[in-house]
Number of protein chains: 4
Amino acid sequence: MKLSEKKMKRKKEQILRSAIKVVNNKGYVKATMEEIAAELLMTKGSLYYYFKNKSDLIFQCHRFILSDAVKDLETVLKHGEGSTSEILQQMVAIHIDYAVDEKDTFNLIMEPKNLFNNEQIDLVLNLRKQYENLFDQIIKRGIETGEFKTRDQTIARMIILGAMNWIQQWYSPAGRLSKEELVETYTDYILKILK
Amino acid sequence: MKLSEKKMKRKKEQILRSAIKVVNNKGYVKATMEEIAAELLMTKGSLYYYFKNKSDLIFQCHRFILSDAVKDLETVLKHGEGSTSEILQQMVAIHIDYAVDEKDTFNLIMEPKNLFNNEQIDLVLNLRKQYENLFDQIIKRGIETGEFKTRDQTIARMIILGAMNWIQQWYSPAGRLSKEELVETYTDYILKILK
Amino acid sequence: MKLSEKKMKRKKEQILRSAIKVVNNKGYVKATMEEIAAELLMTKGSLYYYFKNKSDLIFQCHRFILSDAVKDLETVLKHGEGSTSEILQQMVAIHIDYAVDEKDTFNLIMEPKNLFNNEQIDLVLNLRKQYENLFDQIIKRGIETGEFKTRDQTIARMIILGAMNWIQQWYSPAGRLSKEELVETYTDYILKILK
Amino acid sequence: MKLSEKKMKRKKEQILRSAIKVVNNKGYVKATMEEIAAELLMTKGSLYYYFKNKSDLIFQCHRFILSDAVKDLETVLKHGEGSTSEILQQMVAIHIDYAVDEKDTFNLIMEPKNLFNNEQIDLVLNLRKQYENLFDQIIKRGIETGEFKTRDQTIARMIILGAMNWIQQWYSPAGRLSKEELVETYTDYILKILK
DNA sequence: CATGAATGAGTGTTCATTCAT
DNA sequence: AATGAATGAACACTCATTCAT
């Protein structure tokens, strides 16, 4: 019982990984079930054993990655050490890690959702809100400790997220900047926004 | 000759306008030649008299909008009055206008380009560079006048562009903020980055 | 204008004829768009130029045949000469003609309709009612003239229709009975029911 | 041996019952192996231990129901009490019961058989003949006792069967007529045919 | 110039069937 | 005896593209 369930879960994850890859290379419309399956040496028919729909599969991809990122951020937010600014820097590092390492994957964050049904949309929006909320929390904490101040907190957060999401459009680890330098510079600018 | 050429040009522009509308509504993958033609009371077959491809048509849309935006920015940059900060504010206003009004067509900036052939990609990348360059110019001007200073100018510009491009992911003119307020707040934060 | 419309109509009818043939040979579920198209040396894609759906196409088939039959029956009912019994006999002849000559075609009458959408179902049920109603009319007329009498008119009509629809399950023109004999014998029995 | 054979038989019957249910609800084309199995808390793969094919399974359903009906009719025919007319009425009741309760499975009688292979078709046709023959017998008996008379016995029987089979196209137990009234009225009319 | 008509490659989805365990 | 998993053939439907008229 437990065994077969684990197997199922592992397979689902494999498929998700493959789907994430393909979806983010081609966009979710051009990503075909065939290609997603092919990468795993399966036939597209088999995918339907694990996922109800293409829509469902894509949705799970989104959810999967986002959940992971949320978990990482939460850990830092709760157990991270140092000043609020230092914790913020760690969060920026996490976001940039996802955006750069899992490039295609994380890109999902900013894609539209004409494919999701209402139920799914709700869940996605919730996850996104959760994600944004983590940055809201750190900002609020900074304000409370007197480290930060903002004119309009929502917009400040949007600016920060936008700036970070844009990274994957241009940054290459092979380029002029190391990831560490990138994180540092970004944090620097972000702190300017919050001060 | 000249006459028929002008007619052709006018027709092409009509088609582009229609295509832009549809693309902005449905995204370029779901935008069908049929719908683009229908809006003009034509049949899709006719489109092929003016454009080689759907790919070509979409590309021209992108180019059209981007050129427009570049022109607008250039005008402000050259003839705009006021301090560098004030000119920057006008540029932010222009960008936000395009991002909000021309949603998906403008959005193409940040989307992959599995649709464009190499020739087209080069042209698009050039346009993008031109676009970015205009923001580089205003930053440089600010530094020369002593109004701005940056730790890393490229990254500063990336942060600014990223922040602005993100707007279309969340901003609705029907929401809490008017476009004017949005522009003002954004400029405010952007200036913080540059000071 | 008028010309192309006529062409369209003619083509639609051709497709309907083909569809009727295939549908009634294989049943509407096993009838494929491909096969329907193949018979006309078309590709299945083309069918969608004329019909929105498989469901739509099948529906039009049903409607097409049923309308024809209704028209024929109405003609006899209104302009037929002779006693009510004699007119009934002509109606029986028409029904049997459809059932035997257009065997597969007419069979549609008795097939379920899990395929039709609500709008279509309404129309189909209406047509069926119209068809049944024609037999109701002749029965009523017979009762008024004193030629017929019934215990339960609805059931009488159902028995008559059922008996006639069953013919295509067993009758072959190549068999023992000519169509004329068949009609005569059937009418004979039907009159027994109505007397 | 004997024991496991009995187990096998019992299981087969369980499956048939489930299949019959599903087929009656969805029609045999839309009835899926999955659904048939699910009702029994099995997986569809297991069905293939008991039945070679879906075709085979469906065929056995048909056979099962038809055999049952034949048995019931035979019982009445041999041991039924009362006049020939009264026995006929009981047979009509049986037929109507099957037609109404076992809708689609029983309906198979009058559907084409693109699903059955030649071997199966022969068996089905034989069963049908057996079924029809039982009605022939009662008619013949009526003629011998002087209760009935017919112009053409085969056609008379066809009319009676057709009328009865049609019932499932329109009758609903929830409607105006109870099943008892239906039986009585039908018998009444059928007797008119036979007199 | 424009269109009506046709095409064909592609795509998601379903489902009977198989088979190792 | 049963199952989990995979397969592959089939099918409806879409749409960019073509071309004779």
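Residues numbered from 1 in each chain as written. Chains lettered and ligands numbered in written order. Predicted model: local features only at pLDDT ≥ 70, side-chain atom pairs only at ≥ 80, totals over all residues. Heavy atoms only, no water.

## Concerning the interface of chain D and chain C
Point 1. Contacts between the two partners involve 32 residues from chain D and, on the opposite side, 33 residues from chain C.
Point 2. For the pair chain D and chain C, the two sides together bury roughly 3,400 Å², of which 62% comes from carbon and sulfur.
Point 3. Of all residues in chain D, R151, W166 and Y189 of chain D bury the most surface against chain C, accounting for 23% of the area lost on that side.
Point 4. Run the count over chain D and chain C and you get six salt bridges.
Point 5. Between E184 of chain D and R151 of chain C there is a salt bridge, with the nearest N and O atoms lying 3.4 Å from each other.
Point 6. There are 14 residue pairs in polar contact (both at pLDDT 80 or more) connecting chain D and chain C.
Point 7. Going through the elements one at a time, helix 1 (2–30), helix 8 (153–170) and helix 9 (179–193) of chain D are the ones with two or more residues in the side of chain D that touches chain C.
Point 8. No other element matches helix 8 of chain D, which puts 12 residues into the side of chain D that touches chain C. (Contact = heavy atoms within 4.5 Å. Buried area = accessible area lost by both parts, 1.4 Å probe. Salt bridge = Lys/Arg side-chain N within 4 Å of Asp/Glu carboxyl O. Polar contact = N/O pair within 3.5 Å; in protein donor to acceptor, adjacent residues only side chain to side chain. Helix = DSSP H or I, 4+ residues; strand = E, 2+ residues; numbered from the N terminus.)

## Some remarks on the domain arrangement of chain A
All names here are of chain A.
Point 1. Considered domain by domain, chain A is made up of domain 1 (1–51) and domain 2 (53–193).
Point 2. Each of domain 1 and domain 2 was reduced to a C-alpha centroid, and the two centroids are 26 Å apart.
Point 3. Summing both partners gives a buried area of about 1,600 Å² for domain 1 against domain 2, and 69% of it is carried by carbon and sulfur.
Point 4. Here domain 1 and domain 2 share zero salt bridges between them.
Point 5. For the side of domain 1 that touches domain 2, the secondary-structure elements that each account for two or more residues are helix 1 (2–30) and helix 2 (33–38). (Domains from an automatic or database assignment.)

## Some thoughts on the pattern of salt bridges
Point 1. Per the stated rule, a full pass over the model turns up 42 salt bridges over all chains.
Point 2. Across the salt bridge formed by D97 of chain B and K179 of chain B, the nearest N and O atoms sit 2.9 Å from each other. Separated by 82 residues along the polypeptide, D97 of chain B in helix 5 (residues 84–101) and K179 of chain B in helix 10 (residues 179–193) bring together distant segments of the chain.
Point 3. Taking relative accessible area as the criterion, K179 of chain B reaches 22% and is therefore assigned partly exposed.
Point 4. The partner of R176 of chain C in a salt bridge is D152 of chain D, and the shortest N-O contact between them spans 3.0 Å. Here the residue R176 of chain C occupies a position in the loop between helix 8 (153–170) and helix 9 (179–193), and D152 of chain D occupies one in the loop between helix 7 (118–145) and helix 8, the pair thus bridging two chains.
Point 5. Relative accessible area serves as the criterion here: at 58%, R176 of chain C is assigned to the exposed category.
Point 6. Among the ionic contacts, a cluster of salt bridges with common partners joins E132, D136 and R157 of chain A. (Buried < 20%, exposed > 50% of the residue type's maximum accessible area, 1.4 Å probe, protein only.)

## Comments concerning the packing of aromatic side chains
Point 1. Going through the model one piece at a time under the given rule, you end up with 20 aromatic pairs over all chains.
Point 2. With 5.8 Å between their ring centres and 75° between their planes, F59 of chain C and F116 of chain C make a pair best called edge-to-face. Of this pair, F59 of chain C sits in helix 4 (residues 54–79) while F116 of chain C sits in the loop between helix 6 (103–106) and helix 7 (118–145), and the two are 57 residues apart along the sequence.
Point 3. On the basis of relative accessible area, F59 of chain C is assigned to the buried category, the value being 5%.
Point 4. Judged by relative accessible area, which is 10%, F116 of chain C ranks as buried.
Point 5. The ring of F51 of chain B has K12 of chain B sitting right over it, with the charged end atom 5.9 Å from the ring centre. (Phe/Tyr/Trp six-rings, centres within 6.5 Å; stacked < 30°, edge-to-face > 60°. Lys NZ or Arg CZ within 6 Å of the ring centre and 35° of its normal.)

## Observations regarding the side chain of D152 of chain D
Point 1. The class of D152 of chain D is buried, set by a relative accessible area of 12%.
Point 2. Looking at D152 of chain D, its side chain comes within polar contact range of the main-chain nitrogen of T154 of chain D, at 3.2 Å.
Point 3. Among the polar contacts listed, one links the side chain of D152 of chain D to the backbone nitrogen of I155 of chain D, at a separation of 3.2 Å.
Point 4. Apart from the residues lying within four places of it in its own chain, the contact partners of D152 of chain D are R176, T185 and Y189 of chain C.

## Overview of the interface of chain B and chain A
Point 1. Between chain B and chain A, the residue contacts involve 32 residues of the former and 33 residues of the latter.
Point 2. By the criterion of area lost to chain A, the three top residues of chain B are R151, W166 and Y189 of chain B, representing 23% of everything that side buries.
Point 3. Summed over the shared surface of chain B and chain A, the number is six salt bridges.
Point 4. Where chain B touches chain A, the interface holds 13 residue pairs in polar contact (both at pLDDT 80 or more).
Point 5. Mapped by element, the contributors of at least two residues to the side of chain B that touches chain A are helix 8 (153–165), helix 9 (167–170) and helix 10 of chain B.
Point 6. With nine residues, helix 8 of chain B is the largest single contributor of residues to the side of chain B that touches chain A.
Point 7. The class makeup of the residues in the side of chain B that touches chain A is 16 nonpolar, seven polar and nine charged. (Nonpolar A, V, L, I, M, F, W, Y, C, P; charged D, E, K, R; others polar.)

## A word on the relation of the copies chain B and chain A
Point 1. Aligned on chain A, chain B shows an RMSD of 1.0 Å; the corresponding rotation is 178° and the shift along the axis is 0.6 Å. Each copy turns onto its partner about a two-fold axis. For chain B, the minimum C-alpha distance to the rotation axis belongs to A163 of chain B and amounts to 1.9 Å.
Point 2. Both copies contact each other with a shared surface, as 100% of the interface residues of chain B are interface residues in chain A too. (Least-squares fit on C-alpha atoms with pLDDT ≥ 70 in both.)

## Some points on the UniProt feature "DNA-binding region" (unreviewed entry) in chain A
Point 1. Look at the UniProt record and you will see "DNA-binding region" (unreviewed entry) annotated at residues 32–51 of chain A.
Point 2. Taken end to end, residues 32–51 of chain A is 65% helix and 0% strand, and its first and last C-alpha atoms sit 14 Å apart. (UniProt positions renumbered as here; feature names shortened; annotations may be inferred.)

## A short note on the UniProt feature "domain: HTH tetR-type" (unreviewed entry) in chain A
Point 1. Here, UniProt's "domain: HTH tetR-type" (unreviewed entry) annotation points to residues 9–69 of chain A.
Point 2. Annotated as residues 9–69 of chain A, this span is 84% helix and 0% strand, and its ends, taken at the C-alpha atoms, are 19 Å apart.

## A few points about the protein's contact with DNA strand F
Point 1. Near DNA strand F there are 32 residues, and of these Y50 of chain A, Y48 of chain B together with S46, Y49 and Y50 of chain D occur at the shortest range.
Point 2. Taken together, the sugar and phosphate atoms account for 73% of what DNA strand F places within 4 Å of the protein.
Point 3. Backbone polar atom of T43 of chain D to a phosphate oxygen of DNA strand F: 3.2 Å apart, as the coordinates give it.
Point 4. One of the side-chain N or O atoms of S46 of chain D is found 2.6 Å from a phosphate oxygen in DNA strand F.
Point 5. Among the elements of the structure, helix 1 and helix 3 (44–50) of chain A, helix 3 (44–50) of chain B, helix 3 (44–50) of chain C together with helix 3 (44–50) of chain D are those that each provide at least two residues to the surface near DNA strand F.
Point 6. Classifying every residue of the surface near DNA strand F gives 15 nonpolar, 11 polar and six charged. (Near = heavy atom within 4 Å.)

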